[in-house]
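# Topology and contacts: notes
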Amino acid sequence: WRQLKKFVRHKSMKVVKDVGQRRGKLKWVRTNKEDIGGNITDNYSRLAVRGDLEQPGLDYDPEDVSTFVADDAHLKVLVGAMAVNGWAGCEGDADGAFHQGTPSHETFVEMPWLPGHKPLKGWLWQIMTCVYGKVEASARFNDKLVEAQAHVGQLVSRSDMAIYLKKGESGKLLSVCTSHIDDMQ
């Protein structure tokens, strides 16, 4: 139910009449979270679009699905900047990251099965945000991330699209941020 609440909170879908639209499918993906001893501490079900059924040109622009992510080299740059400038580090995770971006093409899916509720015949979900599973989800979230970072003065580095820099009026580096999909360091 947590996942369905995310869909509602982020206005990620709307129920529309089935008039023969091309449609994809949703899938429940279940993950168990474990502690360091291997004991299951929680389980999480994610509702995802079946991206493996999406078709280039019909469901997304195949030339615009790439995104930029941090790797070990990015973290070394970040740690080096922290050490030189005496900065403290922090990290974050974007809640509902892929519910932030807007799909480039209309997406309709069959309504999902929910415990105690059968899908309504004659109705579909129109996907309004780039939810998990969509081929372009990471790229559309990255679009929103670049916009949000710019809003707080963090601009994409000219040398690396996964690094965001904030400089003062004198040009002095004030902060560095990297991103790996929906995680920030």
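For the structure itself, consult the block above.
A brief structural summary. No experiment lies behind these values; they were computed from the predicted model shown. (Residues numbered from 1 in each chain as written. Predicted model: local features only at pLDDT ≥ 70, side-chain atom pairs only at ≥ 80, totals over all residues. Heavy atoms only, no water.)

Our focus in this paragraph is the packing of aromatic side chains. Summed over all chains, the structure comprises one aromatic pair. Centroid distance Phe7 to Trp125: 5.5 Å. Interplanar angle 35 degrees. Geometry classified as tilted. A residue pair is termed long-range when its members are at least 10 positions apart, and Phe7 in helix α1 (residues 2-9) and Trp125 in strand β6 (residues 123-127) qualify at 118 residues. Judged by relative accessible area, which is 3%, Trp125 ranks as buried. Lying over the aromatic face of Tyr44, Lys33 brings its terminal NZ or CZ to 5.7 Å of the ring centre. Above the plane of the ring of Tyr132 lies Arg46, whose end atom (NZ or CZ) is 3.7 Å from the centre. (Phe/Tyr/Trp six-rings, centres within 6.5 Å; stacked < 30°, edge-to-face > 60°. Helix = DSSP H or I, 4+ residues; strand = E, 2+ residues; numbered from the N terminus. Buried < 20%, exposed > 50% of the residue type's maximum accessible area, 1.4 Å probe, protein only. Lys NZ or Arg CZ within 6 Å of the ring centre and 35° of its normal.)

With that out of the way, let us pick up the pattern of salt bridges. According to the stated counting rule, one finds eight salt bridges in the structure shown. Taking the shortest distance from any N to any O, the salt bridge between Glu54 and Lys134 comes out at 2.6 Å. Of this pair, Glu54 sits in the loop between β3 (40-49) and α2 (72-85) while Lys134 sits in the loop between β6 and α3 (137-151), placing them 80 residues apart in sequence. For Glu54, a relative accessible area of 10% translates into the label buried. Residue Lys134 is classed as buried on the basis of its relative accessible area of 4%. Ionic pairing is found between Arg140 and Asp143, a salt bridge with its closest N-O pair at 2.8 Å. Placement of both Arg140 and Asp143 in helix α3 is noted, with a separation of three residues, approximately one turn of the helix. Classification of Asp143 by relative accessible area gives partly exposed; the value is 40%. One network of salt bridges, with partners in common, ties together Asp64, Glu136, Arg140 and Asp143. (Salt bridge = Lys/Arg side-chain N within 4 Å of Asp/Glu carboxyl O.)

Here we take up α1. Here α1 has its buried residues at Gln3, Leu4, Lys6 and Phe7. End-on view of α1: buried residues confined to an arc of 155 degrees, all on one side of the axis. The outward face of α1, more than 90 degrees from its buried face, is lined by the exposed residues Lys5 and Val8. Considering only its buried residues, α1 is in contact with β1 (13-17), β2 (26-34), β3 and β6. Looking one or two residues beyond α1, the residue adopting positive phi is Lys11, at roughly 50 degrees. (Arc of directions from axis to C-beta. Contact = heavy atoms within 4.5 Å.)

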